[in-house]
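One letter stands for each residue in the lines below.
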Amino acid sequence: MASVSSQPQFRYTQPPSKVLHLRNLPWECTEEELIELGKPFGKVVNTKCNVGANRNQAFIEFADLNQAIAMISYYASSSEPAQVRGKTVYLQYSNRQEIVNNKTTADIAGNVLLVTIEGQDARLVSIDVLHLVFSAFGFVHKITTFEKTAGFQALVQFSDAETATSAKNALDGRIIPRYLLSDNIAPCTLRITYSAHTDLSVKFQSHRSRDYTNPYLPVAPSAIDGSSQFNLGLDGKKLEPESNVLLASIENMQYAVTLDVLHMVFSAFGPVQKIAMFDKNGALQALIQYPDVQTAIVAKEALEGHCIYDGGFCKLHLSYSRHTDLSIKLNNDRSRDYTIANPPLVNPQPSALGQQPIQTMGQASHQYNGTQYAAPGMGQPMMPPQPSAGWGASGVSAVPQSMPAQMTNHNPYIPPASMPQMSHGMMQMPGQSGVPPPTSSMPHFRPNHM
DNA sequence: AGCACA
């Protein structure tokens, strides 16, 4: 026979089949629910759920064609539509005569998860955020990310299938907590299946892949230049070349932002060499200089979109400056060179802040060995997003297994589970003059407490 | 709300 395929895509009358196609199902509809639905009409011999791009379609196959016809006929004339969990589902004959269950991967539990990140800004989700999210369920060995037709995806490797399963059960279909992302990143939903992989091959630490079991793995050369693809302007602005100097714009500046405040905030990520503050179009801006690009990248990633003060005040917007070395003519309340011994001018540099054991950074082979990447002052691995923030990770340890030298989280602003609504990722500052008394119970941002 | 997957 030649082709029969010139039919319209959607036919309103279809030849009967003992297989029915169901749509508009609720998320995560189970086989049991499908069987319940079909049982009154006959024997359901097979089902397939979570079908389609939205995974809200399914098939049920009856033992006998007449049973399928009975079900279609019933709902065709019923005043009550077919429902699953109160949601109307639409039924029609499938254009196939039987369900083929390719139960190969995807349904066989394994230690590696295939994660699809859905959402407008899915590719702005950094591998570090993913690491943080999944670390709530156990030690994450490796992560690789890639783009497929399905979108932005990641493979996340755990020690065992049990851990992977707990993560999958808790996270599948959930969004990445807002407080892990900058304000203006659209919500990102996680779709999780099992991968057939058991051990990912990670050759380099890069912005696409990480091996947390091997901190000495070389860093991909591309990671140095290519990282900014994940530091895209939040509204899709073009790439800026990375720099060791950050340009900070401060929005909604209801409270004073002093040089010392900036110094404290930015010192959490590495030694701040110089700061210059100035006004631009009535808004405060500042240039913050680090000794190396990597530190600036980390600081930018962690701070972008966050607010210095609780309540959405003094929100930081960061970009890379074209400067590489600021010229500070004199130390005053708007500019400071921390690399030269200060004559005791105004406030000498806040004690402890300049005292961090700062190793020389910038050796490419050690870029990801943790000590450098993790913000100083963050002596502990960060608190993970607590499942109670909405993920039903019952019985799952919310604390990530302590990890050896590796990248822990870089985002020092993870609020505890009690603050599930921290959608704009605020941080608290130690009291400074003119600072409103913080009201929340957020963990303190204490860059000066080692 | 519109046909599966490797």
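Residues numbered from 1 in each chain as written. Chains lettered and ligands numbered in written order. Predicted model: local features only at pLDDT ≥ 70, side-chain atom pairs only at ≥ 80, totals over all residues. Heavy atoms only, no water.

Filter applied, for reference: UniProt positions are given in the numbering used here, feature names are shortened, and annotations may be inferred rather than shown by experiment.
The name given to chain A in an unreviewed UniProt entry is RRM domain-containing protein, and the organism recorded there is Hibiscus trionum. According to the UniProt record, the Subcellular location (unreviewed entry) comment for chain A is "Nucleus". Among the UniProt annotations of chain A, the heading Function (unreviewed entry) holds the following wording: "Plays a role in pre-mRNA splicing. Binds to the polypyrimidine tract of introns. May promote the binding of U2 snRNP to pre-mRNA."

1. Observations regarding the overall build of chain A
Heads up, the rule is: Secondary structure elements follow DSSP: runs of H or I no shorter than four residues count as helices, runs of E no shorter than two count as strands, and numbering proceeds from the N terminus. With a 1.4 Å probe rolled over the protein chains alone, any residue whose accessible area is under 20% of its type maximum counts as buried; one over 50% counts as exposed, and the rest are partly exposed. Two residues qualify as a contact provided that any one of their heavy atoms is within 4.5 Å of a heavy atom in the partner residue. For the area figures, the Shrake-Rupley method with a 1.4 Å probe applies, and any residue is considered shielded solely by the protein chains shown.
Secondary structure assignment for chain A yields seven helices and 17 strands. For chain A, the proportion of its 450 residues judged to be buried stands at 52%. Put simply, of all contacts in chain A between residues at least 6 apart along the chain, 71% involve residues at least 24 apart. Total accessible area computed for chain A in this model is approximately 21100 Å², and 53% of it derives from carbon and sulfur atoms.

2. Digging into the sheet that holds strand β1 (residues 19-23)
Rules: Strands were regarded as paired on the criterion that DSSP finds at least two bridges between them. Orientation is described by lines fitted to C-alpha atoms, with helices fitted over the stretch in contact, and by angles between N-to-C directions that extend from 0 to 180 degrees.
The sheet built from four strands is open, its strands ordered β2-β3-β1-β6 with antiparallel pairing. Because the sheet does not close on itself, it has two edges, and the strands there are β2 (44-51) and β6 (90-93). Going across the sheet, the axis of each strand differs from the next one's by a mean of 20 degrees, ignoring polarity. Sheet topology places β2 next to strand β3 (residues 57-62); five bridges connect them, and they run antiparallel. The residue bridging Lys 48 from the neighbouring strand is Phe 59, located in β3. Set on the sheet, helix α1 (residues 31-38) makes contact with β1, β2 and β3; between it and β2 the angle comes to about 130 degrees. Contacts between helix α2 (residues 65-77) and the sheet are confined to β1, β3 and β6, with β6 contributing the most and set at about 140 degrees to the helix.

3. Considering the packing of aromatic side chains
What counts, and what does not: For Phe, Tyr and Trp, where Trp contributes only its six-membered ring, two rings pair if their centres lie within 6.5 Å, and the inter-plane angle classes them as stacked under 30 degrees, edge-to-face over 60, or tilted in between. We call a charge positioned above a ring when the Lys NZ or Arg CZ atom is no farther than 6 Å from the ring centre and deviates by at most 35 degrees from the ring normal.
Inspection of every chain in the model, using the stated rule, returns six aromatic pairs. Seen in terms of ring centroids, Phe 41 and Tyr 74 are 5.4 Å apart; in terms of plane orientation they differ by 50 degrees. Their pairing is tilted. Taken together, the residues Phe 41 in the loop between α1 and β2 and Tyr 74 in helix α2 connect sequence positions 33 residues apart. When the centroid spacing of 4.9 Å and the interplanar angle of 85 degrees are considered together, the rings of Tyr 74 and Tyr 75 count as edge-to-face. Taken together, the aromatic side chains of Phe 41, Tyr 74 and Tyr 75 make up a single cluster linked through ring pairs. For the cation-ring pair, Arg 191 lies above Trp 27, with the distance from its terminal atom to the ring centre recorded as 4.4 Å.

4. A closer look at the sheet that holds strand β12 (residues 245-251)
By way of backbone hydrogen bonds, the strands of a sheet pair with one another, either parallel or antiparallel. One open sheet holds the six strands; their spatial order is β15-β16-β12-β14-β13-β17, and the pairing between them is antiparallel. Where the open sheet ends on each side, the last strands, each with one partner, are β15 (307-309) and β17 (335-337). This sheet shows a mean twist of 25 degrees between the axes of neighbouring strands, independent of strand direction. Here β12 runs beside strand β14 (residues 283-289); their pairing, made up of six bridges, is antiparallel. Its bridge partner lying in β14, Ile 250 is registered against Leu 284. Sheet strands in contact with helix α6 (residues 259-267) are β12, β13 (274-280), β14, β15, β16 (313-320) and β17, and its direction is about 125 degrees off that of β13. Each of β12 and β16 is contacted by helix α7 (residues 293-303), which is oriented at about 140 degrees to β16, the strand it contacts most.

5. Quick word on the pattern of salt bridges
Our working definition: What counts as a salt bridge is simple: a side-chain nitrogen of Lys or Arg found within 4 Å of a carboxyl oxygen of Asp or Glu.
Within the structure shown, the criterion is met by 10 salt bridges. Between Arg 210 and Asp 128 there is a salt bridge, and its shortest N-O distance comes to 2.7 Å. Residue Arg 210 is located in strand β11 (residues 209-211), and its partner Asp 128 is located in helix α3 (residues 127-135); the two are separated by 82 residues in the primary sequence. Where Asp 183 meets Lys 315, a salt bridge forms, and the shortest distance between an N and an O atom there is 2.8 Å. Of this pair, Asp 183 sits in the loop between α4 (161-171) and β10 (189-194) while Lys 315 sits in strand β16, placing them 132 residues apart in sequence. Since its relative accessible area comes to 13%, Lys 315 is described here as buried.

6. Side note on α4
Rules: We call two N or O atoms a polar contact when they sit within 3.5 Å, provided that within protein one can donate a hydrogen and the other can accept it, with sequence-adjacent residues counted only if both atoms are side-chain atoms.
With eight of 11 residues buried, α4 lies mostly within the body of the structure. Of the positions making up α4, those classed as buried are Ala 161, Thr 163, Ala 164, Ser 166, Ala 167, Lys 168, Ala 170 and Leu 171. One side-chain oxygen at the N-terminal end of α4 lies 3.3 Å from the backbone nitrogen of Glu 162; it belongs to Asp 160. Just past α4, the residue Gly 173 takes up positive phi, approximately 85 degrees.

7. Comments concerning the pairing of strand β9 (residues 151-158)
With respect to burial, β9 is a largely interior element, eight of its eight residues being buried. Of the strand pairs in this sheet, strand β8 (residues 140-148) and β9 are connected by eight bridges, and their pairing is antiparallel. Residue pairing across strands places Ile 143 opposite Val 156, the latter belonging to β9. Linkage of β8 to β9, two consecutive antiparallel strands, is achieved through a turn of two residues.

8. Here we look at the nonpolar core
Basically, it comes down to this: Nine residue types can take part in a nonpolar core, namely buried Ala, Val, Leu, Ile, Met, Phe, Trp, Tyr and Cys, and a core is a set of them joined through side-chain atoms within 4.5 Å.
One finds Leu 113, Val 115, Ile 117, Phe 134, Phe 158 and Ile 176 to be the most contacted residues of the largest nonpolar core, which totals 35 residues. Residue assignment for this core shows that the elements contributing at least two residues are β7 (112-118), α3, β8, β9, α4 and β10. Counting residues per element, this core draws most heavily on α3, which supplies six residues. With residues up to four places along the chain from it excluded, the contact list for Phe 134 reads Leu 113, Val 115, Val 140, Val 156, Phe 158, Ala 167, Leu 171 and Ile 192.

9. Observations regarding the side chain of Lys 274
Residue position: Lys 274 is located in strand β13. For Lys 274, a relative accessible area of 10% puts it in the buried group. Engagement of the side chain of Lys 274 in a polar contact is seen with the side chain of Asp 325, the distance being 2.9 Å. Ignoring any residue separated from it by four or fewer positions in sequence, one finds Lys 274 in contact with Leu 287, Ile 288, Gln 289, Asp 325, Leu 326, Ile 328, Arg 336, Asp 337, Tyr 338 and Thr 339.

10. Notes on the confidence of the model for chain A
Put simply, the test is: A residue's pLDDT is the confidence the predictor assigns to it, expressed on a 0 to 100 scale.
Looking at chain A as a whole, its pLDDT mean stands at 75, while 68% of the residues score no less than 70. Within the model, the stretch residues 225-238 combines pLDDT values under 50 with 26 contacts to residues more than four positions away or in other chains.

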